[in-house]
Amino acid sequence: MQTLALFDEPEVSREPKQIVDGAMLLPGFALGLDRELITAVERIITAAPFRHLQTPGGQTMSVAMSNCGAYGWVSDRRGYRYEACDPLSGQPWPEMPASFATLAGAAAAAAGFDDFAPDACLINRYLPGAKMSLHQDRDERDFAEPIVSVSLGLPAVFQFGGLSRKDVVQCVPLMHGDVVVWGGAARLRFHGVLTLKAGQHALLGERRINLTFRRAR
Ligand code: MD6
Ligand code: FE
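Analysis parameters
- Residues numbered from 1 in each chain as written.
- Chains lettered and ligands numbered in written order.
- Predicted model: local features only at pLDDT ≥ 70, side-chain atom pairs only at ≥ 80, totals over all residues.
- Heavy atoms only, no water.
- Phe/Tyr/Trp six-rings, centres within 6.5 Å; stacked < 30°, edge-to-face > 60°.
- Helix = DSSP H or I, 4+ residues; strand = E, 2+ residues; numbered from the N terminus.
- Buried < 20%, exposed > 50% of the residue type's maximum accessible area, 1.4 Å probe, protein only.
- Disulfide = S-S within 2.5 Å.
- Core = buried A, V, L, I, M, F, W, Y, C linked by side-chain atoms within 4.5 Å.
- Contact = heavy atoms within 4.5 Å.
- 1 Å grid on protein atoms, 1.4 Å probe; cavity = no way out; pocket = protein on both sides within 12 Å on 5 of 7 lines; lining within 4 Å.
- Points joined across faces, edges and corners; volume = space filled by probe spheres on them.
- Nonpolar A, V, L, I, M, F, W, Y, C, P; charged D, E, K, R; others polar.
- Near = heavy atom within 4 Å.
- Polar contact = N/O pair within 3.5 Å; in protein donor to acceptor, adjacent residues only side chain to side chain.
- Sits in = over half its atoms within 2 Å of the grid points.

Chemist: Explain the packing of aromatic side chains here, please?
Modeler: Each pair of aromatic rings is reported with the distance of its centres and the angle of its planes. The final tally for this structure, using the stated rule, is five aromatic pairs. Both rings, one in F100 and one in F213, keep their centres 5.9 Å apart while their planes meet at 85 degrees; by these two values the pair is edge-to-face. Note that F100 is positioned in helix α2 (residues 98-110) and F213 in strand β13 (residues 208-214), a separation of 113 residues in sequence. For the pair formed by F100 and F213, the shared burial category is buried. Look at F160 and W182: their rings are 4.7 Å apart centre to centre, the planes differ by 75 degrees, and that puts the pair in the edge-to-face class. Taken as a pair, F160 in strand β9 (residues 156-160) and W182 in strand β11 (residues 179-182) lie far apart in primary sequence, 22 residues in all. Each member of the pair, F160 as well as W182, is classed as buried. Here the aromatic cluster, defined as three or more aromatic residues joined through ring pairs, consists of F158, F160 and W182.

As structure tokens, then:
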């Protein structure tokens, strides 16, 4: 609960902004839930710790990852895929908290995608120096389902490209509490995150956490 309205004044507009056709930025959409999300992430990673996955090409990713929900995204020498169990523990991924699914559904609806019911939440942790190279999200079964991405902690620069890796990219700063929803014509656009700069965030210290909600199956 907010007790002092003064501290809840947005410094930037909370009007939804279209980034490209099919991709909407919802500035500050997750701000009211930020502490709850962070507490839940801390609990999830005690059961399914952050780890640096290997790419199929044999590189170690600089972003550390975990998951919650019925399916978790994993990568290793065999490829990218969704798994019902954490390969580290052999146990099912921690349950997706109801507050996560509710937030993701509400964000999707605010961007025009009704009835989004995620079954996978990838949790990305960036420390300064970590980045995510341009990629497409194409391991999900139904590309008609949108993706909802929640940013927490240090600001990052998100890159939105086109449908070809060589297309020009647009840079969008993502701040603590921002949510991006994308689907439709944007669903298979290349995207990435530039190298995280050092800094201190009041709630998360020297980290950025990203929650990416998807319908995997
Ligand atoms: C990140 N996000 O923001 C990485 N993918 O840390 C993604 O790769 C991503 O934010 C698909 C849709 C939204 C995303
Ligand atoms: Fe992605």
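Chemist: Even after reading the chapter, I still don't get the state of the cysteines, so can you show me in this structure?
Modeler: By definition, a disulfide links the sulfur atoms of two cysteines through a covalent bond. On inspection of all chains with the given rule, the structure shows zero disulfides. Free cysteine C85: the closest other cysteine sulfur is in C68, separated by 15 Å.

Chemist: Explain the nonpolar core to me, please; I cannot follow it from the model alone.
Modeler: General note: in soluble globular proteins, nonpolar side chains tend to be found buried as a group. Within the largest apolar cluster, 31 residues are counted, with the highest numbers of intra-cluster contacts made by F100, I123, V148, V150, L211 and F213. Elements with a contribution of two residues or more to this core: β2 (23-26), α1 (34-47), β3 (64-68), α2, β6 (120-126), β8 (147-153), β11 and β13. Each residue touching V150, except ones within four places of it in the same chain, is listed here: A30, L37, L103, D178, V179, I209, N210, L211 and F213. Core analysis: the second largest hydrophobic core is formed by 28 residues, I19, W73, F160 and A216 among them.

Chemist: Mind showing me how you'd approach empty space enclosed by the protein here?
Modeler: Any space left empty among the atoms is revealed by the rolling of a water-sized probe across them. Within this structure, the stated rule accounts for one cavity of 30 Å³ or more. Quantified by volume, the largest cavity comes out at close to 50 Å³. Around the largest cavity, the lining residues are I38, V41, E42, I45, L152, L204, R207 and I209. Here the element with the most residues in the lining of the largest cavity is α1; it accounts for four residues. For the lining of the largest cavity, a count of residues per class yields six nonpolar, no polar and two charged.

Chemist: Could you clarify how one ought to interpret the site of ligand 1 in this entry?
Modeler: By nearness alone, 14 residues border ligand 1, and Y126, D137, S149, W182 and H191 come closest of all. D137 is positioned such that a nitrogen or oxygen atom in its side chain is 3.0 Å from a nitrogen atom of ligand 1. In this structure, ligand 1 is accommodated by the second largest pocket. Those elements that provide at least two residues to the shell around ligand 1 are β6, β7 (132-135), β8, β12 (191-193) and β13. Examining the composition of the shell around ligand 1, we find that three residues originate from one element, β13, more than from any other.

Chemist: How should the environment of H176 be read in this particular structure?
Modeler: With respect to the helices, strands and loops of the structure, H176 is situated in the loop between β10 (170-174) and β11. Accessibility expressed as a relative area gives 14% for H176, which makes it buried. Sequence separation between H176 and Y82 is 94 residues, and the spatial gap between their C-alpha atoms is 27 Å. Setting aside residues no more than four positions away along its own chain, H176 makes contact with L31, D34, I38, S151, L152, G153, H201 and L203. Within polar-contact distance, the side chain of H176 engages the backbone nitrogen of G153 at 2.9 Å. Looking at H176, its side chain comes within polar contact range of the side chain of H201, at 3.5 Å.

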